[in-house]
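The lines below spell out each chain.
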Amino acid sequence: MKKISILGSTGSIGTQTLEIVRNNDDIEVVALSAGSNIVLLEKQIREFMPKLVCVYNEQKAAQLKTAVSDIEVKIVSGMEGLIEAAVIREADIVLTAVVGMIGIRPTIEAIRAHKDIALANKETLVTAGHIIMPLAGECGVKIIPVDSEHSAIFQSLQGNQKSQVSKLILTASGGPFRNYSMEELQHVTVADALRHPNWSMGKKITIDSSTMVNKGLEVMEARWLFDVDYDDIEVVIQPQSLIHSMVEYVDGGIMAQLGTPDMKLPIQYALYYPNRKWLGGKRVNFAEIGSITFFKPDKEKFRGFALAYEAGRKGGTMPTIYNASNELAVSIFLEGKIQYLQIVELIEKAMNTHKIIENPTLEQILEAEKEAHESVREALKLVTV
Ligand code: NDP
Ligand code: MG
């Protein structure tokens, strides 16, 4: 029996993970956690009977405790509670599906507690990859990607020599605005940006996909997961989202992983690696698809994508500035308080004024996060005055 703790169980990845648990009888949930959605958490508790549940919001945690007082389950809250869920003794594997940098500390503590990590929470690796990857090595912990592109690369590496890789090729759908002009991008609304052509995901990552900041974060995520130089990570637009990513080897041979766009496959693969299990759902029908097309990403139009390479190459605290300014800018955009194109302007502005700290500690990463948030707030004061 495999035992799993899920960080972010009420989200898009979290609920799809629970679908997999529901469909298999050799996997058991021992801990769940979420930010504040206690209505869904209560349902999940009653169905999956975990030992421990964390609600980040303290008040909501107290409410949940009352609601499930008829059940034997420990309810905790805050960062301490999130860490308790991440290190729970019974878990073999922790699936990190919280959104944003909030995932850093629980992920580090889970690794220290020798839990394997099924990693969806890319912001953690982008900002603290230089701490997490060596720590995982020291602790003998596997970090198995859940992000579809990285899962595809991970799958395409199986049975081959890592030293014989010549480059990674990440695919991107290009998002809903691939063919928009700059003029059209200026008028994008929240509702427009939340309409992704191929994938159904949480709000933050859906906005990130539309700006191509998501692909930028994924380039940095790949740099840490697979230990490759930025020069050896290429991105190609493949609008059908059929090829999930590829690896080119020194002899020119390319291995790819294909499938219908469904996150349940990479989630299940991460949970059962190296085994594959039956999974229902639509199969690829090549004749029906007809053609697969490829395009170069437009780095001028999608400046947030180009800035990610810049932040990654500069390294140190710069990826944190890139990520944290984006996290705040996206949440302000979702509240309808700024224009779409301002998201990337705010990232660029925060990056321009930042003095990089090389090889930052966790505290310095969290300081850089605050600095990026201040930069965004400051810029908006100037704009709205
Ligand atoms: P969602 O917004 O759908 O879900 C986020 C989850 O995190 C929710 O369970 C939410 O709880 C929880 N959460 C938010 N804040 C806190 C907090 N302070 N403490 C504890 N839990 C918290 O996001 P997604 O599932 O879309 O994405 C999760 C991660 O996976 C992201 O890093 C994303 O980039 C990555 N990812 C997602 C993919 C997808 O298809 N969705 C694909 C590839 C990667 P609550 O509901 O209570 O707010
Ligand atoms: Mg992805």
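Summarised in this report is the structure supplied together with it. (Residues numbered from 1 in each chain as written. Chains lettered and ligands numbered in written order. Predicted model: local features only at pLDDT ≥ 70, side-chain atom pairs only at ≥ 80, totals over all residues. Heavy atoms only, no water.)

## Considering the overall build of the chain
The test is simple: Labels follow the DSSP assignment, with helices taken as runs of H or I lasting at least four residues and strands as runs of E lasting at least two, numbered in each case from the N terminus. Only protein chains enter the area calculation, which uses a 1.4 Å probe; residues under 20% of their type maximum are buried, those over 50% are exposed, and those in between are partly exposed. A contact between two residues is defined here by any heavy atoms of the two lying within 4.5 Å. The Shrake-Rupley method, run with a 1.4 Å probe sphere, supplies the accessible areas, and residue values consider only the shown protein chains as cover. Note on charges: Lys and Arg go in the positive column, Asp and Glu in the negative column, and His and the chain ends are not counted at all. Every charge is mapped to an atom, namely NZ of Lys, CZ of Arg, CG of Asp or CD of Glu.
From N to C terminus, the chain includes 17 helices and 11 strands. Every one of the 385 residues in the chain was classed for burial, and the buried ones make up 55%. Put simply, 69% of the contacts in the chain that link residues at least 6 apart link residues at least 24 apart. Counting every atom, the chain has about 17,100 Å² of accessible surface; 50% of that belongs to carbon and sulfur. Distance between charge centres in the chain, computed from 40 positive and 48 negative side chains, equals 2 Å.

## A few points about the site of ligand 1
Selection criterion: Near, as used in this document, describes a residue that has one of its heavy atoms within 4 Å of the molecule or strand being considered. Polar contact is the term for a pair of N or O atoms within 3.5 Å; when the atoms are in protein, one must be able to donate a hydrogen and the other to accept it, and sequence-neighboring residues count only if both atoms are side-chain atoms. Polarity classes work like this: nonpolar for Ala, Val, Leu, Ile, Met, Phe, Trp, Tyr, Cys and Pro, charged for Asp, Glu, Lys and Arg, and polar for all others, with Gly in that last group.
Among the 25 residues in the neighbourhood of ligand 1, the closest are listed as Thr10, Ser12, Ser36, Asn37 and Glu123. In the model, an oxygen atom of ligand 1 is placed 3.4 Å from a nitrogen or oxygen of the Ala120 main chain. Side-chain polar atom of Glu123 to an oxygen atom of ligand 1: 2.7 Å apart, as the coordinates give it. About the coverage of ligand 1: the protein hides 85% of its 900 Å² of free accessible area. Put simply, the parts of the chain that give the shell around ligand 1 at least two residues each are helix H1 (12-22) and helix H6 (122-139). In terms of residue class, the shell around ligand 1 is made up of 12 nonpolar, 10 polar and 3 charged.

## Comments concerning the coordination of the magnesium ion (ligand 2)
Spelled out, the test is: As a rule, N, O and S atoms within 2.8 Å of a metal are its donors, except that Na, K and Ca use 3.2 Å; water is not among the atoms, so sites may look incomplete.
Bound to the magnesium ion (ligand 2) on the protein side are Asp147 (OD), Glu149 (OE) and Glu218 (OE), at distances that span 2.1 to 2.2 Å. Counting gaps between the donor residues of the magnesium ion (ligand 2) yields the pattern D-x1-E-x68-E. On the criterion of sequence distance, the pair formed by Glu149 in helix H7 (residues 148-157) and Glu218 in helix H11 (residues 213-226) is long-range, its members being 69 residues apart. Assessed through its relative accessible area of 1%, Glu218 is described here as buried.

## Overview of H1
Taken together, the buried positions of H1 are occupied by Ile13, Gly14, Gln16, Thr17, Leu18, Ile20 and Val21. In this structure, the buried residues of H1 make contact with strand E1 (2-7), strand E2 (27-34), helix H2 (38-48), strand E5 (93-96) and helix H12 (264-272).

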